[in-house]
Amino acid sequence: MNVLIVDDNASAAELLQELIVLQDHQARCALTAQEAIDAFAQEHFDIALVDLTLPDRPGAEVAQHFRSQAAGRPLLLVAISGYGAGDATGAQAMPFFDHYLQKPIDFDALDRLLAPPATA
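Here goes a summary of the coordinates provided. (Residues numbered from 1 in each chain as written. Predicted model: local features only at pLDDT ≥ 70, side-chain atom pairs only at ≥ 80, totals over all residues. Heavy atoms only, no water.)

## A closer look at the nonpolar core
Here's step 1: Leu4, Val50, Phe66 and Phe97 are the most contacted members of the largest nonpolar core, which has 24 residues in total.
Here's step 2: Residue assignment for this core shows that the elements contributing at least two residues are β1 (2-6), α2 (33-42), β3 (47-51), α3 (59-69) and β4 (76-81).
Here's step 3: A per-element tally of this core places α2 first, with 5 residues.
Here's step 4: Non-local contacts of phenylalanine 97, meaning those with residues more than four positions away in its chain, are made with Val50, Leu52, Gly59, Ala60, Ala63, Leu77, Val78 and Ala79.
Here's step 5: Residues Ile5, Ala27, Leu101 and Ile105 belong to the second largest nonpolar core, which totals 16 residues. (Core = buried A, V, L, I, M, F, W, Y, C linked by side-chain atoms within 4.5 Å. Buried < 20%, exposed > 50% of the residue type's maximum accessible area, 1.4 Å probe, protein only. Helix = DSSP H or I, 4+ residues; strand = E, 2+ residues; numbered from the N terminus. Contact = heavy atoms within 4.5 Å.)

So, in structure tokens, the structure goes:
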């Protein structure tokens, strides 16, 4: 899997990147919405972990942009936030994401999202 991590907290993004790489995946960090949009235009990502509160644009707008640019290819969008899914910010963003992980991120839940689909 190739994972894009979008989080304005550089330490948190780098920690996630290290954990994902240890799982034999590729990962790239973007600290702003614009960095993420630029990265998405240059590279194919299977999963995007997007913080809801970025300094230059809401994470939900970033997710909408990614979805519109994915051109029908599979893309798993995961909201990451200190807000709970039941909070107003989290609830408003939910329609744009496939999953929601609250910070601090449960690494077992992240591992399940990164796991390859079971074959029949």
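## Here we look at the sheet that holds strand β2 (residues 26-30)
Here's step 1: Taken together, the 5 strands give an open sheet; going across it, the order is β2-β1-β3-β4-β5, and neighbouring strands pair in parallel fashion. Strand pairing shows two members of the sheet lacking a second neighbour, β2 and β5 (99-102), which therefore form its edges. Strand after strand, the sheet turns through a mean of 20° between neighbouring axes, direction not considered.
Here's step 2: Here β3 pairs with β4 via 5 bridges, running parallel. Bridged to aspartate 51 within β4 is isoleucine 80.
Here's step 3: Each of β1, β2, β3 and β4 is contacted by helix α1 (residues 10-22), which is oriented at about 170° to β2, the strand it contacts most. (Pairing = 2+ DSSP bridges. Axes fitted to C-alpha atoms, helices over the stretch in contact; angles between N-to-C directions.)

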